[in-house]
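Listed below, chain by chain, are the residues.
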Amino acid sequence: MTAKYIMSDYAIADTSNLLSPSLIIFRELVEQNIDQMIRVAGDASRLRPHCKTHKMEAVTKIALARGITKHKCATIAEAEMLATAGVRNIFLAYNLVGPNIARAVALLKKHPDLMLAVTSDATQPLQALSAAALAGNVTVEVLLDVDSGMGRTGIKPGDAAVKLYQTIGSLPGVMQGGLHLYDGQNHQSSLGERTEAVNAVWQLGASFRDELVAAGCEVPRIVAGGTPSFPIFADIDDSAIELSPGTVVLHDAGYGESYPDLKFKPAAVLLTRIVSKPGENRLCLDLGNKAVASDPAAGNRVRFPDLPDARELMHNEEHLVIETDRACDFEVGDALLAIPIHVCPTSALHADVYVVRQGEVEDIWDVTARNRKLTI
Ligand SMILES: Cc1ncc(COP(=O)(O)O)c(C=O)c1O
């Protein structure tokens, strides 16, 4: 079901000088989403939000100013962006292999006061990380990546997983940092069904933690949850839990439509213009798949708050053709706002974003970590 949008949330006094296609961040909505995320978590200290959605230093600083000190990321560039923004407790939730091992060590050497944690689920890269950390005279925390049922990365709880976690404790240069229990498979629209599935994931993780503790291991944290599941993990009373939603900060039409229980608003919206009217009821927009993510299925990549009946017919690199009964109301050159179905890969397509507050463009922010490499 297409969500209803409050048009006053997306008011912009003058779009005539704004480039299209471009991404616009509505600052008040970002702040409201972060505040709502803290409310759902119960306290900022329970959060470890994932920055992959926004990749921006400016957004990270808004979260830091609200007391969110622990942050999560997926790339070395995102980790460097977080460190430069002032974060001192970073969890790079990725299994490091190849030259990324040396890059993680270089990041710690550049920021000696940083607590850096990474994931692992295999012995050989863990040994390589240990050797590199030892040689670099740094310590990296390692969270065991637990496969919660998603089947993407991670190891299933069991004897081999206990052994690997003990190996983290026995190697120099690395230390036991806890468990990574991401459950991206839990996307049930029904809150009841999602709650049941998330609680089952938690049972798996908590009993594995108990097994590790019984074996004499330290398990200081369990990083769990994305946007759909973090409210359910937040209801579990366990001080080890760190909640790691990401999308929530900018939110998007995909999550908005799939999870009506989540009270967040899309805060990143695309500005596009009509470049042609190629037939009756047709508008062609400058919103190709180099400006909005094309990982949602074709025909389902954006929503137009002003044109809820629009059907996406054709999506090329620089063109999106839509069909709407209201095409006759629009002229070539007119601007439209479009809400991405999937914001995370959409923000990564833009080098910078306009920032609107109280209807006026007040700033331009870099999407710093859209590049794979910053300085390291
Ligand atoms: C490992 C990990 N943690 C957290 C998240 C955040 O999830 P969401 O985008 O649902 O907020 C993601 C999303 O891809 C992820 O891969």
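It should be emphasised that the depicted structure is a prediction, and the values quoted were computed from it without experimental measurement.

Participant: Could you give an account of the site of the ligand, with specific residues and numbers?
Facilitator: Taken together, 14 residues lie near the ligand, and K72, T227, G246, T247 and Y255 sit nearest. Backbone polar atom of G246 to an oxygen atom of the ligand: 2.7 Å apart, as the coordinates give it. A distance of 2.6 Å separates an oxygen atom of the ligand from a polar atom in the side chain of Y255. Computed on the free molecule, the ligand has an accessible area of 400 Å², of which 90% lies beneath the protein chains in the complex. Of the residues assigned to the shell around the ligand, the class counts are four nonpolar, seven polar and three charged.

Participant: Break down the packing of helix α6 (residues 159–170) against helix α7 (residues 191–214) for me, with residues and values.
Facilitator: Angle between the axes and distance between the axes: these two values describe a pair of packed helices. Packing of α6 against α7 brings their axes to within 11 Å, and their N-to-C directions diverge by 55°. Looking at the two axes, α6 sits oblique to α7. Seen along the crossing, α6 lies across α7 with a hand that is right-handed. Every residue of α7 that contacts α6 at D159, A161, V162 and Y165 is listed here: F208, E211 and L212. Split into classes, the residues belonging to the contact of α6 with α7 amount to five nonpolar, no polar and two charged.

Participant: Residues and numbers for the pattern of salt bridges, please.
Facilitator: Summed over all chains, the structure comprises 20 salt bridges. Put simply, R88 and D113 hold a salt bridge, and the shortest N to O gap is 2.8 Å. Taken together, the residues R88 in the loop between α3 (76–85) and β3 (89–95) and D113 in the loop between α4 (100–110) and β4 (115–120) connect sequence positions 25 residues apart. Overall, the relative accessible area of 30% leaves R88 in the partly exposed class. A salt bridge links R221 to E242, with the shortest nitrogen-to-oxygen separation between them at 3.3 Å.

Participant: So what's going on with the packing of aromatic side chains? Residues and values would help.
Facilitator: Tallied over the entire structure, the rule returns three aromatic pairs. Arranged with centres 6.3 Å apart and planes meeting at 45°, the rings of F230 and F264 form a pair that is tilted. With a gap of 34 residues between them, F230 in helix α8 (residues 230–234) and F264 in the loop between α9 (253–258) and β9 (268–276) connect regions that are remote in the sequence. Judged by relative accessible area, which is 0%, F230 ranks as buried. Between the aromatic rings of Y255 and Y259, the centroid separation amounts to 5.3 Å while the plane-to-plane angle is 70°, which identifies the pairing as edge-to-face. Note on Y259: relative accessible area 3%, which makes it buried.

Participant: Lay out unusual backbone geometry with the relevant residues and their values.
Facilitator: Along the chain, S20 connects to P21 via a cis peptide bond; the corresponding omega equals 0°. Along the chain, P21 falls in the segment before β1 (22–26). Residues other than glycine seldom take positive phi values, yet K55 does so here, at roughly 60°. Looking at where K55 falls in the secondary structure, it is placed in the loop between α1 (27–41) and α2 (57–65). The phi dihedral of N281 falls on the positive side, at around 65°, and the residue is not glycine. Relative to the elements of secondary structure, N281 occurs in the loop between β9 and β10 (282–285).

Participant: Just give me the short version of the pairing of strand β16 (residues 360–366), but keep the residues and values in it.
Facilitator: Strand direction decides the pairing type here: strand β15 (residues 352–357) and β16, joined by six bridges, are antiparallel. Within β16, the residue paired with D352 across the bridge is D366. Between β15 and β16, which pair antiparallel and follow one another directly, the connecting turn spans two residues, one of which, Q358, has a positive phi of 50°.

Participant: Account for α7, with residues named and values stated.
Facilitator: Over its 24 residues, α7 runs 34 Å from end to end, which matches the ideal 34 Å to within 8%, given 1.5 Å per residue. In this structure, the buried side of α7 is in contact with β5 (140–145), α6, β6 (174–181), β7 (222–224), α8 and β8 (241–243). Following α7 by one or two positions, G216 has its phi on the positive side, about 90°.

Participant: I'd like a rundown of the state of the cysteines, residues and numbers included.
Facilitator: Following the criterion strictly, the structure yields zero disulfides and no others. Lacking any disulfide linkage, C344 is separated from the closest cysteine sulfur, that of C51, by 11 Å. Here C344 falls in the buried class, since its relative accessible area comes to 6%.

Participant: I'd like a rundown of the pairing of strand β2 (residues 70–73), residues and numbers included.
Facilitator: Side-chain alternation along β2 places K70 and K72 on one buried face and H71 and C73 on a second face that is also buried. Judged from the four bridges that link them, β2 and β3 form a sheet pairing that is parallel. When the sheet's bridge partners are listed, H71 is paired in β3 with I90. A crossover links β2 with its parallel partner β3, the connecting element being α3, and its sense is right-handed.

Each value, and the rule that gives it
- Residues numbered from 1 in each chain as written.
- Predicted model: local features only at pLDDT ≥ 70, side-chain atom pairs only at ≥ 80, totals over all residues.
- Heavy atoms only, no water.
- Near = heavy atom within 4 Å.
- Polar contact = N/O pair within 3.5 Å; in protein donor to acceptor, adjacent residues only side chain to side chain.
- Areas by Shrake-Rupley, 256 points an atom, 1.4 Å probe, with all protein chains shown as cover.
- Nonpolar A, V, L, I, M, F, W, Y, C, P; charged D, E, K, R; others polar.
- Axes fitted to C-alpha atoms, helices over the stretch in contact; angles between N-to-C directions.
- Helix = DSSP H or I, 4+ residues; strand = E, 2+ residues; numbered from the N terminus.
- Parallel < 35°, antiparallel > 145°, perpendicular 65-115°, else oblique.
- Left-handed = near helix turned anticlockwise from the far one by under 90°.
- Contact = heavy atoms within 4.5 Å.
- Salt bridge = Lys/Arg side-chain N within 4 Å of Asp/Glu carboxyl O.
- Buried < 20%, exposed > 50% of the residue type's maximum accessible area, 1.4 Å probe, protein only.
- Phe/Tyr/Trp six-rings, centres within 6.5 Å; stacked < 30°, edge-to-face > 60°.
- Pairing = 2+ DSSP bridges.
- Expected span 1.5 Å × (residues − 1).
- Disulfide = S-S within 2.5 Å.
- Right-handed = clockwise from strand over helix to strand, strands pointing away.

The analysis is restricted to geometry; functional conclusions fall outside its scope.
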